[in-house]
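Analysis of the macromolecular model
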Amino acid sequence: MPGPGRTHVDPRLLRAFLAVAEELHFTRAAARLYVAQQALSRDVRRLERELGVELFVRTTRQVTLTSDGERLVPFARGVLRAQDDLLTAFARARPLLVDLNSPGLVTGRRVLYRARELAPEQELMARYESGLTGAAVEIVAGRLDVSFGRYAGLEPVLRGQLDQQLVRYEPMAVVLPEGHRLASLPEVPLAALAGESVYAGAGNPRTPEWTDLAHRLFEGRGIRVASPAPLAVGDEEFQRIMAKEGNPVLAVMGFPAMPGTVSRPLTDPVPLSPVSLVWRKGLVHPGLDALRRAAAEIAGAEGWLRRPAGGWIPAMDMNMVSR
């Protein structure tokens, strides 16, 4: 069935196919797998491309299997049974190493805590690599398993070795010194930052995806990305350096408070930071399955993937999500 030269079909795509084949309904199949319907449809289309066949006939009223789809069902079940048997046999072979970037960030921590509830028999160990680019290098090298962050901001050579699941559009904020001219506002319109230099991690080799996001957000708005500051390790040193430099800091809502500062949401438009769960291509681990289920569950319950009217997201990120 696979085309000439093809030696591998991702079991995740087979699991997506089988859920739709058994439900004959994309919405119910997506709920069963704890994924967004758009992501499920994308996985089925990818499997169809990889196998070179059409698996379903889709109309506005119903979904039915084609003859090739019916032929694939027993093969898919056999592959997934074998995978489940393998995972059961090696379920506790090793911990899954999960990077949360920094201890104060909320999204990854909440997903990790829920995943631990969904799979209490697994050992999911938190790590803190302070930036997706830095973590991605460690993932590709096999020293980490999973991280969170802006996948579109990674270099193509890194993206090509990773898989991802969009988890959240995080509203962005600015952290201001208490005496700053904008500190008294309940929220800060982006236009009000014109003329300011805002710190966004410039010069930090572990976080260029965040600096790139800032450049795209500030372009044409008269806002500068602040020059590189001395690279600080640890919350205490970061706070000391930021206080010394005195620049506003680009952040996300819920960013840990720093002494002598206030955090304000950004508006007009509301900028959003796309956060994905990112892992090494081909990684098979029940802990990863639990993380993906947890991310989809929380995103669905709390609207993490709903974008406010007029919300801003970089065009390159939107293009990557819509593929």
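Residues numbered from 1 in each chain as written. Predicted model: local features only at pLDDT ≥ 70, side-chain atom pairs only at ≥ 80, totals over all residues. Heavy atoms only, no water.

Another point: the overall build of the protein chain. Per the secondary structure count, the protein chain includes 11 helices and 12 strands. Radius of gyration (C-alpha) of the protein chain: 22 Å, near the 20 Å computed for a compact globule of 323 residues. For the protein chain, the spread of C-alpha atoms along the three principal axes comes to 70 × 45 × 35 Å. Burial status across the protein chain gives 47% buried among its 323 residues. Taken as a whole, the protein chain presents about 15800 Å² of accessible surface, with 53% of it coming from carbon and sulfur. Looking at the protein chain, you have 40 positive and 36 negative side-chain charges, and the mean spots of the two groups are 3 Å apart. (Helix = DSSP H or I, 4+ residues; strand = E, 2+ residues; numbered from the N terminus. Rg over C-alpha atoms; globule rule 2.2 N^0.38 Å. Buried < 20%, exposed > 50% of the residue type's maximum accessible area, 1.4 Å probe, protein only. Areas by Shrake-Rupley, 256 points an atom, 1.4 Å probe, with all protein chains shown as cover. Lys, Arg positive; Asp, Glu negative; His and termini not counted. Charge placed at Lys NZ, Arg CZ, Asp CG, Glu CD.)

For the rest of this paragraph, the subject is the packing of helix α2 (residues 26–33) against helix α3 (residues 37–51). Where α2 meets α3, the axes come as close as 9 Å, and the angle between the chain directions of the two elements is 100°. Taken together, the axes of α2 and α3 lie roughly perpendicular to each other. Contact residues: α2 offers F26, T27, A29, A30 and L33, while α3 offers Q37, L40, S41 and V44. Of the residues contributing to the contact of α2 with α3, the split by class is 6 nonpolar, 3 polar and no charged. (Axes fitted to C-alpha atoms, helices over the stretch in contact; angles between N-to-C directions. Parallel < 35°, antiparallel > 145°, perpendicular 65-115°, else oblique. Contact = heavy atoms within 4.5 Å. Nonpolar A, V, L, I, M, F, W, Y, C, P; charged D, E, K, R; others polar.)

So, about the packing of aromatic side chains. As enumerated under the stated definition, the model contains 2 aromatic pairs in all. Taking the centre distance of 5.5 Å and the plane angle of 45° together, the rings of F17 and F56 count as tilted. Placement of F17 in helix α1 (residues 11–23) and of F56 in strand β1 (residues 56–58) is noted, with a sequence separation of 39 residues between them. Ring plane angle 70° and centroid distance 6.1 Å describe the contact between F26 and F56, whose orientation is recorded as edge-to-face. (Phe/Tyr/Trp six-rings, centres within 6.5 Å; stacked < 30°, edge-to-face > 60°.)

Bringing the pattern of salt bridges into the picture now. Summed over the entire model, instances satisfying the criterion amount to 19 salt bridges. A salt bridge links E22 to R77; the nearest nitrogen and oxygen atoms lie 3.3 Å apart. Residue E22 is found in helix α1, and its partner R77 is found in helix α4 (residues 67–89); the two are separated by 55 residues along the sequence. Take R77: its relative accessible area is 35%, and that puts it in the partly exposed class. Residue R181 pairs with E196 through a salt bridge whose shortest N-O separation is 3.1 Å. Highlighted residues: R181 in the loop between β6 (162–177) and β7 (188–189) and E196 in the loop between β7 and β8 (197–198), separated in sequence by 15 residues. Owing to a relative accessible area of 14%, E196 belongs among the buried residues under this scheme. Residues joined in a network through salt bridges with shared partners are R150, D212, R216 and D317. (Salt bridge = Lys/Arg side-chain N within 4 Å of Asp/Glu carboxyl O.)

This brings us to the pairing of strand β3 (residues 96–99). In β3, alternate side chains face the same way, and those of L96 and V98 on one face and L97 and D99 on the other are all buried. As paired strands, β3 and strand β4 (residues 124–127) are joined by 4 bridges and run parallel to one another. Bridging from a neighbouring strand, L96 pairs with L124 of β4. Each parallel crossover has a hand, and the one from β3 via helix α5 (residues 106–118) to β4 is right-handed. (Pairing = 2+ DSSP bridges. Right-handed = clockwise from strand over helix to strand, strands pointing away.)

Moving on, we come to the pairing of strand β5 (residues 146–149). The side-chain alternation of β5 yields two buried faces, one formed by V146 and F148 and the other by S147 and G149. One ladder, built from 4 bridges, connects β5 with strand β12 (residues 272–280); its direction is antiparallel. Across the sheet, the residue bridging to V146 is W279, located in β12.

Moving on, we come to the environment of A294. Relative to the helices and strands, A294 is located in helix α10 (residues 286–302). Classification of A294 as buried rests on a relative accessible area of 0%. Residues A294 and W304 lie 10 residues apart in sequence; the distance between their C-alpha atoms is 12 Å.

Burial in helix α8 (residues 208–218) covers these residues: E209, W210, T211, L213, A214, L217 and F218. At its buried positions, α8 is contacted by α6 (132–140), β6, β8, β9 (224–225), β10 (249–252) and β12. Just beyond α8, the residue with positive phi is G220, at close to 80°.

Quick reminder: α-helices carry 3.6 residues per turn. Residues three or four places apart thus point the same way. Its 15 residues place the ends of α3 21 Å apart at the C-alpha level, agreeing with the 21 Å of an ideal helix rising 1.5 Å per residue. Residues L40, S41, D43, V44, L47, E48, E50 and L51 constitute the buried set of α3. G52 lies just past α3 and shows a positive phi near 75°. (Expected span 1.5 Å × (residues − 1).)

So, about the environment of V225. By the secondary structure assignment, V225 is in strand β9. Separated by 22 residues in the primary sequence, V225 and N247 place their C-alpha atoms 9.9 Å from one another. Residues in contact with V225, not counting those within four places in the same chain, are V198, A200, A202, T211, A214, H215 and F218.

One can find R168 in strand β6. Engagement of the side chain of R168 in a polar contact is seen with the side chain of T107, the distance being 2.9 Å. When sequence neighbours within four positions are dropped, the list of residues in contact with R168 reads T107, S273, P274, V275, W304 and L305. (Polar contact = N/O pair within 3.5 Å; in protein donor to acceptor, adjacent residues only side chain to side chain.)

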